[in-house]
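Architecture at a glance
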Amino acid sequence: MARIRSDYGPSPRRNFLLWLRSGDECFDRALIDSVSAPAPSEAERGRSAEVRRVPRKEEKVYRKAEAWNREKGTKLTRRLYLALCVVTALAVILLLLRTAALLPPFGEASNPANNEVSRRYIEQGMEETGAVNIVAGMILDYRAFDTLGESNVLFVAACTVIILLRVAAGDRDDAARRLELETDDRMYEPKDDLILQRIAAVLVPLVWMLGLYIILNGHLSPGGGFSGGTVLGAGLILYLNAFGFAKTERFFTYRTFRVISVTALTFYAVSKSYSFFTGANHLSSVITPGTPGMLFSAGLIPYLNIAVGLVVACTVYAFYTLFRKGDV
Amino acid sequence: MMDQLRFILAAVLTCAGLFVLVTAVLGLFRFRYSLNRIHASSLADTLGILLMLAGLMLAFGADTAVLKLLAVIAFLWLTSPVSSHLIGRLEVTVNDDLDRYMKVDDPEAVRREKEGDA
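These numbers were taken from a predicted model, which means no experiment stands behind them.

**Observations regarding the overall build of chain B**
Along the backbone of chain B there are four helices and zero strands. Scanning chain B from its N terminus toward the C terminus, one meets helices and strands in the order α-α-α-α. For chain B, long-range pairs separated by at least 24 residues make up 64% of all intrachain contacts whose partners lie at least 6 apart in sequence.

Below you can see the structure in the form of structure tokens.
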């Protein structure tokens, strides 16, 4: 065990370093320092020796264990880890390769995916659901329950983000706190950019119209609630970025978000329950497929598309505002 | 004969658009400072898009797709310069040592000069 020495003593190495750094005059200073420092007294020396002697055995054991950890243990663990890595990776690779080898060839007509279900969707989908867009007929009629789950997943995700990110309501009512939030929000952002406002005044109505078109024509052409709702939400976000929260909150607040989401989801669940109930019990239903290709046709599908689109638009917009300032 | 001519014209236009866009990408990776990069990319953006889509329109010929492509051009011409403008403005707002990269006019001095002119 090396004797611990204060670094102030004039060791040759230190002198050399000092000389390297500052030149010749440093020697004088180092000499003065060493002379003026008081030598440790006899009593002090004895006490420190006693303190040092007592834990010597424990220290030896500790050092031994530590040395083992440092030198052999790390090496062993690393080797074990590497070996386990290789074994696990090889096992997973073998499993996946075996599975891939057992898969049926891609695109084969006799594959299990090409069964009577998809044939029925393609052949009788238009007749049974009234939707020209087979995909819309599938997701909002045959598998409407699944789509309700998807809309609810979005809603639950929005709720979770609200729980995590929303600033407490008490804070928001305070005027000073409101001002602080506002400056915090717009500190790094170009405020009220005139160019963006002019462009947004042209673009936002067009974007909203495109979104509405995609939603309303969901049963006639590619599109539907999810894509159209995203377009609507993007238009809302553009409007917000151009004109700020003060203008957006005139027509879209937390209350609007709540009302629209809950109403749309409830409408979806209730109307689809009705159609499931009548369909399963072979009762006559007021919902008819209508004439395929017309705007008001395909039974419930256009209305369900509107509901899904509203939920998606609200969720997209809520995500953006929650991540930006912690409130809808 | 007409078809071949049209094809050649479309190919030339598309290649010109590609060249412009490649120049933009090159500038994007060549320059260090963000405003220089915006300068390289956003200026070439509009011309490159115009040339590429004009080539596509020629290739389509008389078709409703041409109208949709015109709408795409209008949309991109409206949005792309605005987004570059916003990025540039954000950089000017946020960057505290802007004068390390360029000559910055003191806003006060500019205002005084204007008032002096008037």
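**Focus: the overall build of chain A**
On a plain count of helices and strands, chain A comes out with 13 helices and zero strands. What you see in chain A, going N to C, is helices and strands ordered as α-α-α-α-α-α-α-α-α-α-α-α-α. The burial tally for chain A puts 30% of its 328 residues in the buried class.

**A look at the pattern of salt bridges**
All names here are of chain A. Counted under the stated rule, the structure contains two salt bridges over all chains. Two residues, Glu 59 and Arg 63, come together in a salt bridge whose shortest N-O distance is 3.6 Å. One end of the pair is Glu 59 and the other is Arg 63, both in helix α4 (residues 56-102) and four residues apart, which spans about a single turn. Residue classification places Arg 63 among the partly exposed residues on the basis of a relative accessible area of 47%.

**Quick look at the nonpolar core**
Residue and element names in this part refer to chain A. One finds Phe 252, Phe 257 and Tyr 317 to be the most contacted residues of the largest nonpolar core, which totals 13 residues. Of all elements in the fold, only α7 (144-165), α11 (225-248) and α13 (301-325) reach the threshold of two or more residues within this core. Counting 12 residues, the second largest nonpolar core, distinct from the first, contains Ala 131, Ala 136, Ala 144 and Leu 148.

**A few points about the packing of aromatic side chains**
All names here are of chain A. All chains considered together, the criterion is met by six aromatic pairs over all chains. When the ring of Tyr 239 is compared with that of Phe 243, the centres are 4.9 Å apart and the planes differ by 45 degrees; the resulting orientation is tilted. On the criterion of helical spacing, the pair formed by Tyr 239 and Phe 243 is a turn pair, its members being four residues apart in helix α11. Of the two residues, Tyr 239 and Phe 243, neither departs from the other in class, the shared state being buried. Ring centres 4.7 Å apart and planes at 75 degrees place the aromatic pair Phe 252 and Tyr 317 in the edge-to-face group. Here the residue Phe 252 occupies a position in the loop between α11 and α12 (254-280), and Tyr 317 occupies one in helix α13, the gap between them amounting to 65 residues. One exposure class covers both Phe 252 and Tyr 317, and it is buried. Taken together, the ring pairs in this structure connect Trp 208, Tyr 239, Phe 243 and Phe 251 into an aromatic cluster.

**Things to note about the side chain of A:Ser151**
With respect to the helices, strands and loops of the structure, A:Ser151 is situated in helix α7. Excluding its chain neighbours within four sequence positions, the residues that come into contact with A:Ser151 are A:Phe226, A:Leu265, A:Val308 and A:Val311.

**Concerning the side chain of A:Thr321**
Residues and elements named next belong to chain A. Within the element layout of this structure, Thr 321 appears in helix α13. A relative accessible area of 0% places Thr 321 in the buried class. Of the polar contacts made by the side chain of Thr 321, one reaches the backbone oxygen of Ala 318; its length is 3.1 Å.

**Things to note about the confidence of the model for chain B**
Confidence along chain B averages 84 in pLDDT terms, with 97% of residues attaining 70 or more. Averaged pLDDT values over the elements of chain B bottom out at 70 in helix α4 (residues 107-117) of chain B and peak at 89 in helix α1 (residues 2-30) of chain B.

**Focus on the packing of α7(A) against α13(A)**
Residues and elements named next belong to chain A. In the contact formed by α7 and α13, the axes pass within 10 Å of each other and the chain directions differ by 20 degrees. The orientation of α7 relative to α13 falls into the category roughly parallel. Read as a crossing pair, α7 and α13 show a hand that is left-handed. Of α13, the residues touching α7 (which contributes Thr 147, Ser 151, Leu 154, Ala 157, Ala 158, Val 161, Ile 162 and Leu 165) are Val 308, Val 311, Val 312, Thr 315, Phe 319, Leu 322 and Phe 323. Class assignment for the residues of the contact of α7 with α13 results in 12 nonpolar, three polar and no charged.

**A closer look at the environment of A:Ser118**
Residues and elements named next belong to chain A. Mapped onto the elements of the fold, Ser 118 is located in helix α5 (residues 116-129). For Ser 118, a relative accessible area of 24% puts it in the partly exposed group. Residues Ser 118 and Met 138 lie 20 residues apart in sequence; the distance between their C-alpha atoms is 9.6 Å.

**What about a nonpolar patch on the surface?**
Residues and elements named next belong to chain A. There is a patch of nonpolar side chains on the surface, built from Leu 212, Leu 216, Phe 267, Leu 295, Phe 296, Tyr 303, Ile 306 and Leu 310 and spanning about 740 Å² of accessible area. Those elements giving two or more residues to the nonpolar patch turn out to be α10 (194-216) and α13. For Leu 310, the location among the structural elements is in helix α13.

**A few points about the confidence of the model for chain A**
Put simply, chain A has an average pLDDT of 79, and 80% of its residues get 70 or more. Taken element by element, the predicted model of chain A shows its lowest mean pLDDT in helix α2 (residues 26-36) of chain A (58) and its highest in α10(A) (89).

Calculation criteria
- Residues numbered from 1 in each chain as written.
- Chains lettered and ligands numbered in written order.
- Predicted model: local features only at pLDDT ≥ 70, side-chain atom pairs only at ≥ 80, totals over all residues.
- Heavy atoms only, no water.
- Helix = DSSP H or I, 4+ residues; strand = E, 2+ residues; numbered from the N terminus.
- Contact = heavy atoms within 4.5 Å.
- Buried < 20%, exposed > 50% of the residue type's maximum accessible area, 1.4 Å probe, protein only.
- Salt bridge = Lys/Arg side-chain N within 4 Å of Asp/Glu carboxyl O.
- Core = buried A, V, L, I, M, F, W, Y, C linked by side-chain atoms within 4.5 Å.
- Phe/Tyr/Trp six-rings, centres within 6.5 Å; stacked < 30°, edge-to-face > 60°.
- Polar contact = N/O pair within 3.5 Å; in protein donor to acceptor, adjacent residues only side chain to side chain.
- pLDDT = per-residue confidence, 0-100.
- Axes fitted to C-alpha atoms, helices over the stretch in contact; angles between N-to-C directions.
- Parallel < 35°, antiparallel > 145°, perpendicular 65-115°, else oblique.
- Left-handed = near helix turned anticlockwise from the far one by under 90°.
- Nonpolar A, V, L, I, M, F, W, Y, C, P; charged D, E, K, R; others polar.
- Patch = residues over 30% accessible without salt bridge, like charges linked within 9 Å, V, L, I, M, F, W, Y side chains within 5 Å.
- Areas by Shrake-Rupley, 256 points an atom, 1.4 Å probe, with all protein chains shown as cover.

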